[in-house]
Amino acid sequence: MAEVGEVEGWVREELSLAASDQVTITEKEGTDPRCSSIITEVGVDGDGDGYSFHIEHPLAEMTRMDLVAALAFGGGH
């Protein structure tokens with residue numbers, strides 16, 4: 001079972017973020033009926049450059065490999 005602080009740490013490590021970069025982790029209702037009903041949204045904001053991506057799993061079910069796959073395939077599916 002992943003927790004917000006753990007996932008934030010994974011994001012920071014995988015993206016080699018600076019300590020000043022902000023990471024937000026939130027769960028949202030999924031909108032695609034073919035996918036998970038709850039997704040985890042990851043937002044990154046640093047030096048004026050912000051972006052976000054999602055992972056097709058609720059936070060409690062997410063693994064580090066789910067994060068790696070989302071980053072490798074552009075977030076999401």
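Since this is a predicted model, take the numbers as computed values, not measurements.

(A) Examining the sheet that holds strand β3 (residues 49-55) more closely. Strand order in the open sheet formed by three strands is β1-β2-β3, and the pairing between neighbours is antiparallel. The open sheet has two free edges, formed respectively by β1 (22-29) and β3, since each of these has just one partner strand. Each adjacent strand pair in this sheet contributes to an overall mean axis angle of 20°, direction not counted. Bridge count between strand β2 (residues 38-46) and β3: seven bridges; the pairing is antiparallel. Bridge assignment links aspartate 45 to a residue of β3, and that residue is glycine 50. In the packing of helix α1 (residues 4-15) onto the sheet, contacts are made with β1, β2 and β3, and the angle to β1 comes to roughly 125°.

(B) Just the pairing of β2, in detail. Within β2, seven of the nine residues are buried, leaving the element largely enclosed by the surrounding structure. Note that β1 and β2 share eight bridges and pair antiparallel. Opposite valine 23, over in β2, you have valine 44 as the bridge partner. Counted along the chain from β2 to the antiparallel partner β3, the turn is two residues long, and its residue aspartate 47 has a positive phi close to 50°.

(C) Representation of unusual backbone geometry. Phi at serine 16 is positive, roughly 50°, even though this residue is not glycine. Of note, serine 16 is situated in the loop between α1 and β1.

(D) Broad picture of the nonpolar core. Counting 15 residues, the largest nonpolar core has Val7, Val11, Ile25, Val42 and Ile55 as its most contacted members. Only α1, β1, β2, β3 and α2 (64-72) provide two or more residues apiece to this core. Here the element with the most residues in this core is α1; it accounts for three residues. Apart from the residues lying within four places of it in its own chain, the contact partners of valine 42 are Val11, Val23, Thr24, Ile25, Tyr51, Ser52, Phe53 and Ile55.

(E) A look at the side chain of aspartate 21. When you line up the elements, aspartate 21 lands in the loop between α1 and β1. Among buried Asp, Glu, Lys and Arg side chains, aspartate 21 stands out as unpaired, with arginine 12 the closest opposite charge at 5.6 Å. There is a polar contact of 3.0 Å between the side chain of aspartate 21 and the backbone nitrogen of alanine 18. In this view, aspartate 21 contacts Arg12, Asp45, Gly46 and Asp47; residues no more than four positions away in its chain are not counted.

Criteria and cut-off values
Residues numbered from 1 in each chain as written. Predicted model: local features only at pLDDT ≥ 70, side-chain atom pairs only at ≥ 80, totals over all residues. Heavy atoms only, no water. Pairing = 2+ DSSP bridges. Helix = DSSP H or I, 4+ residues; strand = E, 2+ residues; numbered from the N terminus. Axes fitted to C-alpha atoms, helices over the stretch in contact; angles between N-to-C directions. Contact = heavy atoms within 4.5 Å. Buried < 20%, exposed > 50% of the residue type's maximum accessible area, 1.4 Å probe, protein only. Core = buried A, V, L, I, M, F, W, Y, C linked by side-chain atoms within 4.5 Å. Lys, Arg positive; Asp, Glu negative; His and termini not counted. Salt bridge = Lys/Arg side-chain N within 4 Å of Asp/Glu carboxyl O. Polar contact = N/O pair within 3.5 Å; in protein donor to acceptor, adjacent residues only side chain to side chain.

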